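Structure assessment
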2 protein chains.
Amino acid sequence: MNIFIVHAHPEPASFNAALTERAREVLVPAGHALAVSDLYAMSFNPVYGRHNYTTVKDASYFKPQQEEQYASEVDGFAPDIQAEIEKLEWCDVLILQFPLWWFGLPAILKGWVDRVFVMGRVYGGGRWYDRGVFHGKRAMLSLTTGGPDSIYSTDGLNGDIGIILYPINHGILRFTGFDVLPPFIAWSAAHVEGAGRRRYLRAYEDRLNTLATTPPIAYPGLADYDPATYRLKPA
Amino acid sequence: MNIFIVHAHPEPASFNAALTERAREVLVPAGHALAVSDLYAMSFNPVYGRHNYTTVKDASYFKPQQEEQYASEVDGFAPDIQAEIEKLEWCDVLILQFPLWWFGLPAILKGWVDRVFVMGRVYGGGRWYDRGVFHGKRAMLSLTTGGPDSIYSTDGLNGDIGIILYPINHGILRFTGFDVLPPFIAWSAAHVEGAGRRRYLRAYEDRLNTLATTPPIAYPGLADYDPATYRLKPA
């Protein structure tokens, strides 16, 4: 398989980096092709703007989706965006590797999504959710947290991790067609040393070795919704 | 009251800009003091890194929270971060004004949170949620969406907007102690013209005029959780 890891941590010796390195050690010998976008190492610019494109549809008013649609039609993406779109199109499996910062993606990774997931080439015209452009591909979040799993449980102080990750899993990955695997989570990574980290790395190996077979998170399909209101049809 | 709006849209003539402009027109004549951080106009850098600080705690390994804690102790924040922290401390009400991009904050605004909400000065040492540093202050999201309210309803295709905003409302604002007001949402802003936009601007005026009195979203308090597991105590 072609596997694309987008990696977002500012410290090259971080546990996030160890997880991505372990992925390389597991996936490449197993015969998979691997692409890694190490956003900090690339000095990736996460700020959305006209620099996303080499083209201009409307110079007087900047309407992001309109510029994306036009750039999709005339091949007008800046080289940094074009390269990332091509990796998305190339991959069979996308992995986002990041520390959970403020209950979401670090800004450098959120901006990678904001800039790269463009209307026209990546979604739009009825191509979303189970009819999405990336239908047939798989995606998985691999993240580290500051707190333990109990604080992220259904009745935990920080809230259910499934709800916290829902805007990413459903709103970004499923929206564009991916089958979304359950996340790999290294809880309290900053407070776990030695043996605890080795256990997480071995557990991650198991997830990497089962990327093709792990059942994805179940979401309703477009056919389950009323096409006029986008609300679930009565059962 | 002292009101702080953090504004995140790349187009100066956007509807988001009209909402912030309307806030200025309503709040200043009413006698409130207003600070606006227009992140695009400021060229705010959302990338978290050592440039956040003028100090270094550990030059060999970059551990974000450790550097934040140290910078808090020795007053070691870079001028752009220091200025934003001071506005947070100054305000009675914080408003985040943004277009919902990929079911979350635009990267420039997420990075404002990542960099400015620092351990030590803004949270930590048991100061969180209803014992948070910003206890007594109020906060509100004001956002525009691409889709209509039905698609963001409990049984809507995009998912419940309350769940989508939960990581921001609860994980960022409530975490640091704010009382969080229900969000102001201009649905389908890109597809609403003329009279529809005027209606939204008038509805926003009503929200601005009731910032001090609108009941906040109800969340459990720290006393409701078991301090060992951070899970809700049995009822």
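Quick summary incoming for the structure in this document.

Parameters and conventions
Residues numbered from 1 in each chain as written. Chains lettered and ligands numbered in written order. Predicted model: local features only at pLDDT ≥ 70, side-chain atom pairs only at ≥ 80, totals over all residues. Heavy atoms only, no water. Helix = DSSP H or I, 4+ residues; strand = E, 2+ residues; numbered from the N terminus. Expected span 1.5 Å × (residues − 1). Buried < 20%, exposed > 50% of the residue type's maximum accessible area, 1.4 Å probe, protein only. Contact = heavy atoms within 4.5 Å. Buried area = accessible area lost by both parts, 1.4 Å probe. Salt bridge = Lys/Arg side-chain N within 4 Å of Asp/Glu carboxyl O. Polar contact = N/O pair within 3.5 Å; in protein donor to acceptor, adjacent residues only side chain to side chain. Least-squares fit on C-alpha atoms with pLDDT ≥ 70 in both. Bend = angle between axes of the 7 residues up to and from the residue. Phe/Tyr/Trp six-rings, centres within 6.5 Å; stacked < 30°, edge-to-face > 60°. Pairing = 2+ DSSP bridges. Right-handed = clockwise from strand over helix to strand, strands pointing away.

1. Let's talk about helix α1 (residues 15-27) of chain A
Residue and element names in this part refer to chain A. Its 13 residues give α1 an end-to-end C-alpha distance of 18 Å, which sits within 8% of 18 Å, the value for a rise of 1.5 Å per residue. Residues of α1 that are buried: Phe 15, Asn 16, Ala 17, Leu 19, Thr 20, Ala 23, Val 26 and Leu 27. As for α1, its buried residues are in contact with β1 (2-7), β2 (33-38), β3 (93-99), β4 (138-144), β6 (184-186) and α6 (194-209).

2. Looking at the interface of chain A and chain B
Across the boundary between the two partners, chain A contributes 53 residues, which contact 54 residues of chain B. With both chains or domains summed, chain A and chain B bury close to 4,600 Å², and 66% of this area falls on carbon and sulfur atoms. Considering only the side of chain A, the residues that lose the most area to chain B are Trp 102, Asp 155 and Leu 157 of chain A, jointly responsible for 19% of the buried surface there. Where chain A meets chain B, there are 2 salt bridges. Measuring nitrogen to oxygen at the nearest pair gives 2.9 Å for the salt bridge that ties Arg 231 of chain B to Asp 155 of chain A. Across the chain A-chain B interface, the total number found is 22 residue pairs in polar contact (both at pLDDT 80 or more).

3. Digging into the environment of Arg 127 of chain B
All names here are of chain B. Secondary-structure assignment places Arg 127 in the loop between α4 (107-116) and β4 (138-144). A relative accessible area of 31% places Arg 127 in the partly exposed class. Not counting the four nearest positions on each side in its chain, Arg 127 is found in contact with Gly 120, Arg 121, Gly 132 and Val 133. A distance of 3.5 Å separates a polar side-chain atom of Arg 127 from the backbone oxygen of Tyr 123.

4. Considerations on the relation of the copies chain A and chain B
Superposing chain A onto chain B requires a rotation of 180° together with a translation of 0.0 Å along the rotation axis, leaving an RMSD of 0.0 Å. Expressed as a symmetry operation, the mapping of one chain copy onto the other fits a two-fold axis. Nearest to the rotation axis, the C-alpha of Ala 107 of chain A is located 2.4 Å from it, this being the minimum over chain A. A symmetric contact is evident, with 100% of the interface residues of chain A recurring at the interface of chain B.

5. Examining the pattern of salt bridges
All told, the structure shown has 22 salt bridges over all chains when counted by the stated rule. Lys 87 of chain B serves as the salt-bridge partner of Glu 84 of chain B, at 2.8 Å between the closest nitrogen and oxygen. Here Glu 84 of chain B and its partner Lys 87 of chain B are both found in helix α3 (residues 79-90), 3 residues apart, which amounts to about one turn of the helix. Taking relative accessible area as the criterion, Lys 87 of chain B reaches 21% and is therefore assigned partly exposed. Through salt bridges with shared partners, one network takes in Arg 22, Glu 25 and Glu 205 of chain A.

6. Remarks on helix α5 (residues 161-174) of chain B
If you check α5 of chain B, its first and last C-alpha atoms are just 17 Å apart, much less than what 14 residues at 1.5 Å a residue would give, namely 20 Å. The largest bend along α5 of chain B measures about 25° and falls at Pro 167 of chain B. In terms of residue burial, α5 of chain B counts as a mostly covered element, since 12 of its 14 residues are buried. For α5 of chain B, the set of buried residues is Ile 161, Ile 164, Leu 165, Tyr 166, Pro 167, Ile 168, Asn 169, His 170, Gly 171, Ile 172, Leu 173 and Arg 174 of chain B. Each element contacted by the buried residues of α5 of chain B is listed here: α5 (161-174) of chain A together with β3 (93-99), α4, β4, β5 (179-180) and β6 (184-186) of chain B.

7. Let's talk about the packing of aromatic side chains
Following the criterion strictly, the structure yields 42 aromatic pairs over all chains and no others. An aromatic cluster of three or more residues is present, and its members are Phe 4, Trp 112, Phe 117, Tyr 123, Trp 128, Tyr 129, Phe 175 and Tyr 230 of chain A together with Trp 102, Phe 103, Tyr 152 and Trp 187 of chain B.

8. Comments concerning the pairing of β2 of chain A
Residue and element names in this part refer to chain A. Here 6 bridges tie β1 to β2, and the two strands are oriented parallel to one another. Of the residues in β2, the one forming a bridge with His 7 is Asp 38. Each parallel crossover has a hand, and the one from β1 via α1 to β2 is right-handed.

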